[in-house]
Amino acid sequence: MPDLFLAAGAPAVQRCERCGATWPELDATATCRDCGGLLDIVLPAPSVHGAALLSRFGGRCCTHPGSEASGVWRFAELVMPGAAAHVTHPEGNTPLLQRRAVQAYAGVADLRLKHEGHNPTGSFKDRGMTVAVTHAVRVGATAVACASTGNTSASLASYAAHAGLPALVLVPRGQVAMGKLTQSLAYGATTLLVDGDFDDCLRLVREASTELGVYLANSVNPWRVEGQKTIALEALQQLGWDAPDWLALPAGNLGNTAAMGKALREAHALGLIARVPRLLAVQAAGAAPFAASFADGFATRTTVRAETIATAIRIGAPASWDRAVRAIRETNGVVTAVTDDEILDAKAVIDAAGVGCEPASAASVAGVRKMREAGVVGAEARVVAILTGHVLKDPGILVRYHQEMDPAPPRANRPVEIAAKLADVERVLKSRAR
Ligand code: AN7
């Protein structure tokens, strides 16, 4: 792959994936000015390689708060080496968890959960957003905007506030989980509730960015992809750069699938890992155009009218399609879909293990379980599943699952109403004794 990196020390360029035209690092365009294609960041090669680069990354862990303490900027050479200052909380540094109950549920003993819900705004989006908002500041943007199913908007609202930039967010009315919508309001973003779905919001904000000149912070923005790569880089670092067999993740707009593919491609080319893990991208069955296309070898590309309780991935026309196809092909990856019932069941197991995640995140574990049952993932496989968002992002689904759904779902933990009497406490304790 001769053109994977530029010469060391060169400024990064933004290269059109469709026509190959290149644009300078500090061009604020969201897509190719010639043909409208998506842009791909081509970074300069790091000045050191292999073990020397790894020890540089390792030496930055646990440093005093500041950019280097960020789980994104620790990998600056592979993110945005040209930035002298960063809009950072910091972010990243998320745990890799092992929980027996979840491993048993998935049927994979060596399953680890990369919990991105531990980021400052509670989702993996912060990793891309610190980079995009840093870029927005570098190019002199006066306002930033995104369309979102909720997490991107919460993250952008926070990072824009941190940078002192006005933020405009467009979300589908009535389709955003309460935790996320209230975050956007709290962090001070101008919040538009659009009478349409996410795909309508994305179309609208792309038009607005072109016509009105606001900086577009959706994951079509290639700098978002650069930041999101660090989920994989940090997980690999936590594993001592001994790559797992599989990296499983929920898939909606496909930005993250594309980012994982780019991270693994670059890490392998630089000799940071000896082999490339297979990606397992998991969609919700009601929003699964990518899984359908995978099933016919990506011969056809369709869009759907998306419907799923996992509102984060309720997306019918994924924007990063071509990038994600490349990621799946290069990693010998697999795309599958899981039903809402499978998502809720996996989520209940993850939650009851004390870990917790939002519905879309549980799709990764549900997908691992499904592919284990199908014999695609082996029982001995080493698997990392990404949990993309925090359990409190979607309190509405928790209330429905545990208190309201009738009949109660299999793992519902109904609260018990009692009189203010010790005898009632005792009665409940006895009935629950194991
Ligand atoms: C928790 O916030 O698209 O496939 O606008 O919030 O990269 O889109 C969120 C996506 C998975 C899917 N898990 O990632 C948005 C948005 C959670 C998410 C995804 C999202 P992509």
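Look a little higher up for the structure.
Worth saying up front: this structure is predicted, and the values here are computed from it rather than measured.

1. Description of the overall build of the protein
Argument step 1. Summing up its helical and strand segments, the protein has 14 helices and 13 strands in all.
Argument step 2. Whereas a compact globule of 434 residues would reach a radius of gyration of roughly 22 Å, the protein reaches 21 Å, a difference of no more than 12%.
Argument step 3. For the protein, the C-alpha atoms occupy an extent of roughly 75 × 50 × 45 Å along the three principal directions.
Argument step 4. Burial analysis of the protein (434 residues in total) assigns 59% to the buried set.
Argument step 5. If you take every contact in the protein between residues at least 6 apart in sequence, the share linking residues at least 24 apart comes to 69%.

2. A closer look at unusual backbone geometry
Argument step 1. In this structure, Pro90 follows His89 across a cis peptide bond, with omega equal to 10°.
Argument step 2. In this structure, Pro90 sits in the loop between helix 1 (50-60) and strand 4 (96-97).
Argument step 3. A cis geometry characterises the amide bond from Asp406 onward to Pro407, with omega recorded as 5°.
Argument step 4. Phi is positive for Trp241, which is not a glycine, with a value near 65°.
Argument step 5. Its place among the elements puts Trp241 in the loop between helix 7 (222-238) and strand 10 (246-250).
Argument step 6. With a phi angle near 55°, Asn332 is a residue other than glycine that sits in the positive phi range.
Argument step 7. Following the sequence through the fold, Asn332 ends up in the loop between helix 10 (321-330) and strand 12 (334-338).

3. Quick look at the packing of helix 8 (residues 255-269) against helix 10
Argument step 1. It is the contact of helix 8 with helix 10, at a shortest axis distance of 8 Å, that shows an interaxial angle of 50°. In terms of orientation, helix 8 and helix 10 fall into the oblique class. When the axes of helix 8 and helix 10 are compared, the crossing they make is left-handed. Where helix 8 approaches helix 10, its residues Thr257, Ala258, Gly261 and Arg265 are matched on the opposing element by Arg323, Ala324, Arg326, Ala327, Ile328 and Glu330.
Argument step 2. Within the contact of helix 8 with helix 10, the residues separate by chemical class into four nonpolar, two polar and four charged.

4. Points about the side chain of Ser148
Argument step 1. Within the element layout of this structure, Ser148 appears in the loop between strand 6 (144-147) and helix 4 (151-163).
Argument step 2. Exposure remark for Ser148: the relative accessible area of 1% places this residue in the buried category.
Argument step 3. Looking at Ser148, its side chain comes within polar contact range of the main-chain nitrogen of Gly150, at 2.7 Å.
Argument step 4. Polar contacts involving the side chain of Ser148 include one to the main-chain amide nitrogen of Thr152, which spans 3.2 Å.
Argument step 5. When sequence neighbours within four positions are dropped, the list of residues in contact with Ser148 reads Ser153, Leu170, Val171, Pro172 and Phe198.

5. Considering the site of the ligand
Argument step 1. Around the ligand sit 21 residues, and of these Asn151, Thr152, Gly252, Asn256 and Thr388 come closest.
Argument step 2. Between Thr152 and the ligand, the recorded distance is 2.7 Å, taken from a backbone N or O atom to an oxygen atom.
Argument step 3. Taking Leu254, its main chain carries an N or O atom lying 2.8 Å from an oxygen atom of the ligand.
Argument step 4. Computed on the free molecule, the ligand has an accessible area of 470 Å², of which 99% lies beneath the protein chains in the complex.
Argument step 5. In this structure, the ligand is accommodated by the largest cavity.

6. Side note on the environment of Glu116
Argument step 1. With respect to the helices, strands and loops of the structure, Glu116 is situated in the loop between strand 5 (110-115) and helix 3 (125-138).
Argument step 2. By relative accessible area, Glu116 is classed as buried at 0%.
Argument step 3. The spatial distance from the C-alpha of Glu116 to the C-alpha of Thr388 is 5.0 Å, given a sequence separation of 272 residues.
Argument step 4. Ignoring anything within four residues of it in the chain, the contact list for Glu116 reads Thr94, Gly122, Ser123, Phe124, Arg127, Ile231, Ile386, Leu387 and Thr388.
Argument step 5. Of note is the side chain of Glu116, whose polar atom sits 2.7 Å from the side chain of Thr94.

7. A few points about the pairing of strand 10
Argument step 1. Most of strand 10 sits out of view: five of its five residues are buried.
Argument step 2. In strand 10, alternate side chains face the same way, and those of Trp246, Ala248 and Pro250 on one face and Leu247 and Leu249 on the other are all buried.
Argument step 3. Where strand 10 meets strand 11 (residues 278-284), five bridges bridge the pair, whose relative direction is parallel. Looking at the pairing, Leu247 lines up with Leu279 of strand 11.
Argument step 4. Between the parallel pair strand 10 and strand 11, the chain is carried across by helix 8, and the sense of this crossover is right-handed.
Argument step 5. Sheet analysis places strand 10 next to strand 13 (residues 382-387), joined by three bridges and oriented parallel. Bridge pairing links Leu247 to Val384 in strand 13.

8. Points about the nonpolar core
Argument step 1. Ranked by internal contacts, the top residues of the largest apolar core, which has 73 residues, are Trp241, Met260, Leu272 and Phe290.
Argument step 2. The greatest single-element share of this core, amounting to six residues, is contributed by helix 7.
Argument step 3. In this structure, Ile309, Ala310, Ile343 and Leu398 belong to the second largest nonpolar core, which totals 42 residues.

9. Looking at the sheet that holds strand 8 (residues 190-194)
Each strand in a sheet pairs with another by means of backbone hydrogen bonds, the pair being arranged parallel or else antiparallel.
Argument step 1. Ordered in space as 8-7-6-9, the four strands form an open sheet in which the pairing is parallel. Here the strands that pair on one side only, and so sit at the sheet edges, are strand 8 and strand 9 (215-216).
Argument step 2. Judged from the two bridges that link them, strand 6 and strand 9 form a sheet pairing that is parallel. Note that in strand 9 the partner of Val144 across the bridge is Tyr215.

10. Comments concerning empty space enclosed by the protein
Over the atoms rolls a probe the size of a water molecule, and in doing so it shows where empty space is left.
Argument step 1. Inspection of the entire model under this criterion finds four cavities of 30 Å³ or more.
Argument step 2. Of the pockets and cavities examined, the largest cavity occupies roughly 310 Å³.
Argument step 3. What lines the largest cavity is a set of 28 residues, and nearest its centre among them are Phe124, Lys125, Asn253, Ala312 and Ile315.
Argument step 4. Of all elements in the fold, only helix 4, helix 7 and helix 8 reach the threshold of two or more residues within the lining of the largest cavity.
Argument step 5. Here the element with the most residues in the lining of the largest cavity is helix 8; it accounts for three residues.

Criteria and cut-off values
Residues numbered from 1 in each chain as written. Predicted model: local features only at pLDDT ≥ 70, side-chain atom pairs only at ≥ 80, totals over all residues. Heavy atoms only, no water. Helix = DSSP H or I, 4+ residues; strand = E, 2+ residues; numbered from the N terminus. Rg over C-alpha atoms; globule rule 2.2 N^0.38 Å. Buried < 20%, exposed > 50% of the residue type's maximum accessible area, 1.4 Å probe, protein only. Contact = heavy atoms within 4.5 Å. Axes fitted to C-alpha atoms, helices over the stretch in contact; angles between N-to-C directions. Parallel < 35°, antiparallel > 145°, perpendicular 65-115°, else oblique. Left-handed = near helix turned anticlockwise from the far one by under 90°. Nonpolar A, V, L, I, M, F, W, Y, C, P; charged D, E, K, R; others polar. Polar contact = N/O pair within 3.5 Å; in protein donor to acceptor, adjacent residues only side chain to side chain. Near = heavy atom within 4 Å. Areas by Shrake-Rupley, 256 points an atom, 1.4 Å probe, with all protein chains shown as cover. 1 Å grid on protein atoms, 1.4 Å probe; cavity = no way out; pocket = protein on both sides within 12 Å on 5 of 7 lines; lining within 4 Å. Sits in = over half its atoms within 2 Å of the grid points. Pairing = 2+ DSSP bridges. Right-handed = clockwise from strand over helix to strand, strands pointing away. Core = buried A, V, L, I, M, F, W, Y, C linked by side-chain atoms within 4.5 Å. Points joined across faces, edges and corners; volume = space filled by probe spheres on them.

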